[in-house]
Amino acid sequence: MSLTKILRDAQDLDDSIRYAAERDLSELQQLDFPNFLLSLSAELASNECPPECRRLAGIILKNSVEGKYSEDNNPHIKQWINLDPLIKSQIKESLLTTLGSLVPDAWHASSQVIAKLAYIDIPSRDWQDLIGRLLGNMAQQGASPPLQQATLEALEYMFEEFLGLEQDKIDDVLDALIRAMNRAEQSSQVRLAAVKALQNVVMFSNFANDDCRNCIMTAICDAAKSDGAVIKHAAFGCLIAIASKYYRMLEPYTETILSLTTEALKGGVESGALQCIEFWITICEKVIELRKQNKHDAHAISTVDCSFIEKPLSSLVPVLLKTLFKKERDDDAQAIFISAMTCLDLVAITIGDAIVPIAMQFVEVNIKASDWQSRWAATFAIAGILQGPSIEKLSPVVRLLLDRMEDRNVEVRGTAVCTLRRVFDLLHSPACANRIFTYENLPRIVDVLGLRSKDVPEVSEEACRAIYFLAKALAKETPFRLPTSAPAYEALLNEVLGAKANSSGDKRNKYNLLVLVCGLLHVLIQKLGNTFPVWRTPFVLLLFCRVLTFDSSAARDKAALAIGALAHAVGPNFVDHMPILLQHFNAKLLFPIYLQVIGDIFLVLGDEILPHCDYMMDVLYRGLSKPMLKPAILECFGEIALAIGKNFEKYLQAVMRRLKDAADPEYYDDVLEEDEVDYSNQLRQGITGDSNVTNTAVDVLGDFHSTVESWTNELIQELTKC
């Protein structure tokens with residue numbers, strides 16, 4: 001059976017025919033590997049063989065020699081190296097001949113196989129005439145375009161990795177590629193193949209040499225001005241590759257490339273706009289990377305000053321900002337917009353404060369325009385420059401964003417809220433003298449965010465995220481740097497409490513917000529102390545009490561601690577607000593931190609709390625039905641005794657009865673075995689309490705001193721036996 005038929009059958013849709021052909025190919029390979037490769041190369045070169053069979057022959061041949069010379073354990077490499085030199089020579093000649101085929105499938109496959117064999121042979125000093133033969137194809141008078149295209153493609157594949165060629169041979173290849181790119185009479189396909197090959201070869205060029213570099217950059221920039229979109233795209237691909245390796249040598253060419261970028265952005269995707277932007281993205285990334293390396297390496301020597309890049313990047317900013325007006329035209333324009341905004345962000349990081357005045361010119365022209373698209377573009381432009389510039393330069397944008405958050409257009413409002421959220425997330429620094437939010441603007445920030453949290457869903461969701469990052473930023477402040485606008489914080493907490501949670505994720509975010517804002521108010525109240533505006537107490541207390549009902553232990557703890565701080569700040573007058581607290585004081589709402597705070601409130605109010613004492617003690621008695629609350633409640637009894645002194649006599653018998661019950665082993669029935677030791681320790685601490693509290697409480701009870709002392713000792717002894 002002929003190899004051509006087997007190759008045809010190997011592509012048959014019938015599984016049985018295809019499997020039989022694949023089995024035949026495997027047997028031929030195993031029986032006589034050298035002649036199998038030789039036969040494949042002959043099939044690839046044969047004009048009598050169908051194109052699809054020639055293509056498959058090339059694929060099998062390529063896979064049979066896949067690898068590199070350095071891969072010692074690769075069986076394909078060993079088989080090729082050990083092949084009879086005569087057979088190897090015949091295969092190579094056949095491949096070179098196939099490059100001149102008029103069948104694209106054939107010469108395309110041949111160029112790939114040549115590259116694979118070059119990875120093996122050239123490093124081992126074999127096939128030394130390959131580069132000369134390929135360059136001979138390019139210099140040959142009357143060489144057909146397919147031959148030139150196939151030759152250039154082979155060079156492209158060969159230079160995907162380092163071959164170990166001498167520099168003079170690489171220079172010869174570069175010369176041939178540049179000549180192919182510059183020939184006006186050359187077919188567009190050949191010019192394209194030359195540009196694509198150059199993208200790989202330039203990585204191994206002597207780019208540091210002025211003449212070599214100028215020659216390469218001139219050829220690439222000329223190709224980038226081509227009328228053909230594909231050639232233009234390939235030329236910008238070359239520039240991107242060069243930027244990734246030689247960006248520090250590009251200063252003389254930045255103005256030319258900037259001009260090409262401007263023209264490409266006018267023409268859109270077809271003109272290479274995306275590739276142009278990618279070039280500048282690569283430049284920025286390299287500069288940022290270099291700065292990071294120098295920053296992290298104390299012994300690093302700054303190799304080359306990259307400050308030259310600031311001028312062209314500054315000129316690029318207005319060009320990028322113009323793409324904001326293309327956002328909703330079509331998919332191509334959307335792709336350019338996304339790429340341009342990525343680039344703008346990196347430019348801001350690269351040149352820092354220098355971008356602000358340039359971008360703000362655009363913002364000021366468009367921020368109050370009559371059409372919403374211009375106002376949206378100006379708002380979005382602010383979002384693109386937040387990383388890099390200093391807070392001092394960017395702090396004025398908060399006012400602009402607050403104004404746009406009240407815009408009549410929903411897209412403008414949503415973008416403004418989203419941008420303000422990024423401001424809180426990226427820019428706020430407690431250590432910075434120029435802060436994003438101040439004593440003056442915080443109330444308005446909270447008011448506007450509260451208003452937007454009731455907006456349409458796409459805006460309200462961003463508002464809730466902004467509130468979260470605002471609270472998170474405020475939480476970083478030290479107490480003495482917090483803006484002391486109590487109404488603003490109350491409003492912030494009120495907005496969080498009123499926020500809708502439509503999913504588990506929303507609910508979790510809401511609880512996180514509650515934790516942050518309650519913590520902030522706690523710190524603020526502590527900071528203000530007795531200067532806290534007493535008239536605001538009922539409003540703040542009611543907000544905290546609402547949090548006590550939420551299904552979040554962390555939020556409840558923060559709210560309870562804030563209530564305690566509020567009681568200390570207001571002092572004895574806090575008794576006037578006890579009715580509010582008592583509405584949220586029942587056995588179901590008790591938890592350890594809350595019980596500690598209740599003890600603190602008793603100590604703050606002393607005898608003033610007596611009118612409410614019966615109700616509160618009754619709630620505590622009922623709370624003893626919860627095993628894990630018993631230690632905290634028993635300790636709370638001690639705080640109450642210390643606070644109200646002899647007035648505790650009326651509760652003493654009931655408390656002692658419950659203390660004695662606590663020593664009963666049955667008290668542990670609802671406690672898991674592994675938790676008994678810890679629970680026992682907690683319970684003992686609850687009964688004895690802090691020594692100062694216990695002793696003081698006993699002293700004020702006068703005649704009951706001996707009774708309490710004996711009962712306490714007895715209880716401790718009983719508890720120790722458990």
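Everything numeric here is computed off the predicted structure, so don't read it as measured data.

What counts as what
Residues numbered from 1 in each chain as written. Predicted model: local features only at pLDDT ≥ 70, side-chain atom pairs only at ≥ 80, totals over all residues. Heavy atoms only, no water. Helix = DSSP H or I, 4+ residues; strand = E, 2+ residues; numbered from the N terminus. Buried < 20%, exposed > 50% of the residue type's maximum accessible area, 1.4 Å probe, protein only. Contact = heavy atoms within 4.5 Å. Areas by Shrake-Rupley, 256 points an atom, 1.4 Å probe, with all protein chains shown as cover. Patch = residues over 30% accessible without salt bridge, like charges linked within 9 Å, V, L, I, M, F, W, Y side chains within 5 Å. Salt bridge = Lys/Arg side-chain N within 4 Å of Asp/Glu carboxyl O. Lys, Arg positive; Asp, Glu negative; His and termini not counted. Charge placed at Lys NZ, Arg CZ, Asp CG, Glu CD. Expected span 1.5 Å × (residues − 1). Polar contact = N/O pair within 3.5 Å; in protein donor to acceptor, adjacent residues only side chain to side chain. Axes fitted to C-alpha atoms, helices over the stretch in contact; angles between N-to-C directions. Parallel < 35°, antiparallel > 145°, perpendicular 65-115°, else oblique. Left-handed = near helix turned anticlockwise from the far one by under 90°. Core = buried A, V, L, I, M, F, W, Y, C linked by side-chain atoms within 4.5 Å. Disulfide = S-S within 2.5 Å. Phe/Tyr/Trp six-rings, centres within 6.5 Å; stacked < 30°, edge-to-face > 60°. Lys NZ or Arg CZ within 6 Å of the ring centre and 35° of its normal.

Draft legend 1. Structural view of the overall build of the protein chain. Tallying secondary structure elements over the protein chain gives 36 helices and 0 strands in all. Burial analysis of the protein chain (722 residues in total) assigns 53% to the buried set. Across the protein chain, the fraction of contacts at a sequence separation of at least 24, relative to all contacts at a separation of at least 6, is 71%. Accessible area for the protein chain stands at about 32700 Å²; split by element, carbon and sulfur atoms hold 50% of it.

Draft legend 2. Local environment of a negative patch on the surface. On the surface, Glu-270, Asp-330, Asp-331 and Asp-332 cluster together into a negatively charged patch. Along the chain, Asp-330 falls in the loop between helix H16 (310-322) and helix H17 (331-351).

Draft legend 3. Broad picture of the pattern of salt bridges. Applying the stated criterion across every chain yields a total of 21 salt bridges. Here Asp-105 makes a salt bridge to Arg-55, at a shortest N to O gap of 3.0 Å. With a gap of 50 residues between them, Asp-105 in helix H7 (residues 104-121) and Arg-55 in helix H4 (residues 51-64) connect regions that are remote in the sequence. Here Asp-403 makes a salt bridge to Arg-399, at a shortest N to O gap of 3.8 Å.

Draft legend 4. Molecular detail of helix H6 (residues 85-98). For H6, with 14 residues, the first-to-last C-alpha span of 20 Å sits near the 20 Å given by 1.5 Å per residue. Turning to H6, its buried residues are Ile-87, Lys-88, Ile-91, Lys-92, Ser-94, Leu-95, Leu-96 and Thr-98. The inward-facing, buried residues of H6 contact helix H3 (33-45), H4, helix H5 (75-81), H7 and helix H8 (130-139). Where H6 begins, one side-chain oxygen reaches toward the backbone nitrogen of Leu-86, 2.7 Å away; that side chain belongs to Asp-84.

Draft legend 5. Summary view of the packing of helix H27 (residues 537-547) against helix H28 (residues 553-570). Their axes nearest at 8 Å, the elements H27 and H28 cross at an angle of 155°. The orientation of H27 with respect to H28, classified from their angle, is roughly antiparallel. The way H27 lies across H28 gives a crossing that is left-handed. Contacts between H27 and H28 involve Thr-537, Leu-541, Phe-544, Cys-545 and Val-547 on the former and, on the latter, Ala-555, Arg-556, Ala-559, Ala-562, Ile-563, Leu-566 and Val-570.

Draft legend 6. Highlighting the nonpolar core. Residues Met-158, Val-347 and Phe-424 are the most contacted members of the largest nonpolar core, which totals 174 residues. In this view, Met-158 contacts Ile-114, Ala-115, Ala-118, Tyr-119, Ile-122, Leu-130, Ile-131, Leu-134 and Leu-163; residues no more than four positions away in its chain are not counted. Residues Val-517, Leu-620, Tyr-621 and Met-656 belong to the second largest nonpolar core, which totals 69 residues.

Draft legend 7. Looking closely at the side chain of Arg-404. Within the secondary structure layout, Arg-404 lies in helix H21 (residues 397-404). The residues contacting Arg-404, other than those within four sequence positions of it, are Ile-367, Lys-368, Arg-375, Thr-379, Val-412, Arg-413 and Ala-416.

Draft legend 8. Here's a closer look at the state of the cysteines. Summed over all chains, the structure comprises 0 disulfides. The thiol of Cys-613 is unpaired, and the distance to the nearest cysteine sulfur, on Cys-636, comes to 9.8 Å. For Cys-613, a relative accessible area of 0% translates into the label buried.

Draft legend 9. Local environment of the side chain of Thr-350. When you line up the elements, Thr-350 lands in helix H17. Given the relative accessible area of 4%, Thr-350 is considered buried. Engagement of the side chain of Thr-350 in a polar contact is seen with the backbone oxygen of Leu-346, the distance being 2.7 Å. Sequence-distant contacts of Thr-350, defined by excluding residues within four places in its chain, comprise Cys-284, Val-287, Ile-288, Arg-291, Ile-309 and Leu-313.

Draft legend 10. Layout of H17. In this model, H17 (21 residues) spans 30 Å end to end at C-alpha, consistent with the 30 Å of a helix rising 1.5 Å per residue. A positive phi of about 60° marks Gly-352, the residue just after H17.

Draft legend 11. Fine view of the environment of Phe-648. Within the element layout of this structure, Phe-648 appears in the loop between helix H32 (630-644) and helix H33 (649-662). For the pair Phe-648 and Cys-613, spaced 35 residues apart in the sequence, the C-alpha separation amounts to 9.5 Å.

Draft legend 12. Molecular detail of the packing of aromatic side chains. Counted by the stated rule, this structure contains 12 aromatic pairs. Ring plane angle 50° and centroid distance 6.1 Å describe the contact between Phe-159 and Phe-204, whose orientation is recorded as tilted. Residue Phe-159 is found in the loop between helix H9 (145-158) and helix H10 (167-182), and its partner Phe-204 is found in the loop between helix H11 (188-201) and helix H12 (210-224); the two are separated by 45 residues along the sequence. Accessibility assignment for this pair places Phe-159 and Phe-204 in one class, buried. Ring geometry for Phe-279 versus Trp-280: centroids 5.0 Å apart, planes at 85°, classification edge-to-face. Considered together, Phe-279 and Trp-280 belong to a single accessibility category, that of buried residues. Members of the aromatic cluster, connected to one another through ring pairs, are Phe-337, Trp-376 and Phe-380. Sitting over the ring of Phe-591, Arg-556 keeps its end group 5.4 Å from the ring centre.

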